[in-house]
Amino acid sequence: MRQITMNSQDIERIQAALKEAIAQSKINPSEASALIQELRKAKAVEPKKVPATVVTMNSIVEIFIASTGKTMTIQVVYPEHADLKQNKISILSPIAAAIIGYRVGDEVSWTVPAGQTTIRIEKLVYQPEAAGDYSL
């Protein structure tokens, strides 16, 4: 299993959101478990040391989903900022959980509601750390 890289602040905030979602039964247990595993295998780095090619919280990412054959652009956000009409996808969703910490060009095999699929990270349109936005 490849080690992913994550902003240390993101890890703390995701863990808090995940804890709250579990307590309120707002996340499927298997999806929660998969995200917990991702966080455990992550290499935590200071926000200023996150490589510009890594998907972080609030990143805007172009992805290709193999099972649908479609490319889409999404923003990975915390649950309270999720808005499907604006393509803002909660980190607690399978697609966002699958790509967090991975890099442009990576392919991730993940279980989504439609079943197992491969998600390829095509491009980072925006990454807060690369833009110097460390407070997001």
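About the cut-offs
- Residues numbered from 1 in each chain as written.
- Predicted model: local features only at pLDDT ≥ 70, side-chain atom pairs only at ≥ 80, totals over all residues.
- Heavy atoms only, no water.
- Helix = DSSP H or I, 4+ residues; strand = E, 2+ residues; numbered from the N terminus.
- Rg over C-alpha atoms; globule rule 2.2 N^0.38 Å.
- Buried < 20%, exposed > 50% of the residue type's maximum accessible area, 1.4 Å probe, protein only.
- Contact = heavy atoms within 4.5 Å.
- Areas by Shrake-Rupley, 256 points an atom, 1.4 Å probe, with all protein chains shown as cover.
- Lys, Arg positive; Asp, Glu negative; His and termini not counted.
- Charge placed at Lys NZ, Arg CZ, Asp CG, Glu CD.
- Core = buried A, V, L, I, M, F, W, Y, C linked by side-chain atoms within 4.5 Å.
- Polar contact = N/O pair within 3.5 Å; in protein donor to acceptor, adjacent residues only side chain to side chain.
- Expected span 1.5 Å × (residues − 1).
- Arc of directions from axis to C-beta.

A.B. asks: Lay out the overall build of the chain in plain terms, naming residues and giving numbers.
C.D. replies: Along its length, the chain carries 3 helices and 7 strands. Taken from the N to the C terminus, the helices and strands of the chain come in the order β-α-α-β-β-β-β-α-β-β. Its C-alpha atoms give the chain a radius of gyration of 14 Å, near enough to 14 Å, the size a compact globule of 136 residues would have. Its C-alpha atoms give the chain principal-axis dimensions of roughly 35 × 35 × 35 Å. Expressed as a percentage of its 136 residues, the buried residues of the chain come to 43%. Here the analysis covers contacts within the chain between residues at least 6 apart in sequence; of these, 58% occur between residues at least 24 apart. Of the roughly 7,300 Å² of accessible surface on the chain, a fraction of 50% belongs to carbon and sulfur atoms. Counting 15 positive and 14 negative side-chain charges, the chain places the averaged centre of each group 1 Å from the other.

A.B. asks: Quick rundown of the nonpolar core? Include the residues and the values.
C.D. replies: Core analysis: the largest hydrophobic core is formed by 34 residues, its most contacted members being Met-6, Ile-14, Val-76, Ile-91 and Ile-99. Of all the elements in the fold, those that place two or more residues in this core are α1 (8-23), α2 (29-41), β3 (60-65), β4 (70-77), α3 (94-99), β6 (107-112) and β7 (115-126). Excluding anything up to four places from it in sequence, Ile-91 contacts Ile-14, Leu-35, Met-57, Val-76, Val-77, Tyr-78, Pro-79, Ala-96, Ala-97 and Ile-100.

A.B. asks: With reference to specific residues and values, describe the environment of Asp-106.
C.D. replies: Topologically, Asp-106 is positioned in the loop between α3 and β6. When the C-alpha positions of Asp-106 and Arg-120 are compared, they lie 5.7 Å apart, and in sequence the two are 14 residues distant. Discounting chain neighbours no more than four positions away, the residues touching Asp-106 are Arg-2, Ile-119, Arg-120 and Ile-121. Within the local environment of Asp-106, its side chain forms a polar contact with the backbone nitrogen of Arg-103, the two atoms lying 2.8 Å apart.

A.B. asks: Give me α2: which residues, what numbers.
C.D. replies: In a regular helix each residue adds 1.5 Å, so 13 residues correspond to 18 Å; α2 covers 19 Å between its end C-alpha atoms and thus fits that length. Buried within α2 are the following residues: Ala-32, Leu-35, Glu-38, Leu-39 and Lys-41. Considering only its buried residues, α2 is in contact with β1 (5-7), α1, β2 (43-45), α3 and β6.

A.B. asks: Got a sec to walk through α1? Specific residues and values, please.
C.D. replies: Because each turn of an α-helix spans 3.6 residues, side chains separated by three or four positions in sequence point in the same direction. With 16 residues, α1 extends 23 Å from end C-alpha to end C-alpha; this agrees with the ideal 22 Å at 1.5 Å per step. Taken together, the buried positions of α1 are Asp-10, Ile-11, Ile-14, Ala-17, Leu-18 and Ala-21. Down the axis of α1, the sector holding all buried residues measures 135 degrees, keeping them to one side. Residues of α1 that are exposed and point over 90 degrees away from its buried face: Glu-12, Lys-19 and Ala-23. Where α1 is buried, its residues touch β1, α2 and β2. The backbone nitrogen of Gln-9 has a side-chain oxygen 2.7 Å away, supplied by the residue at the start of α1, namely Asn-7.

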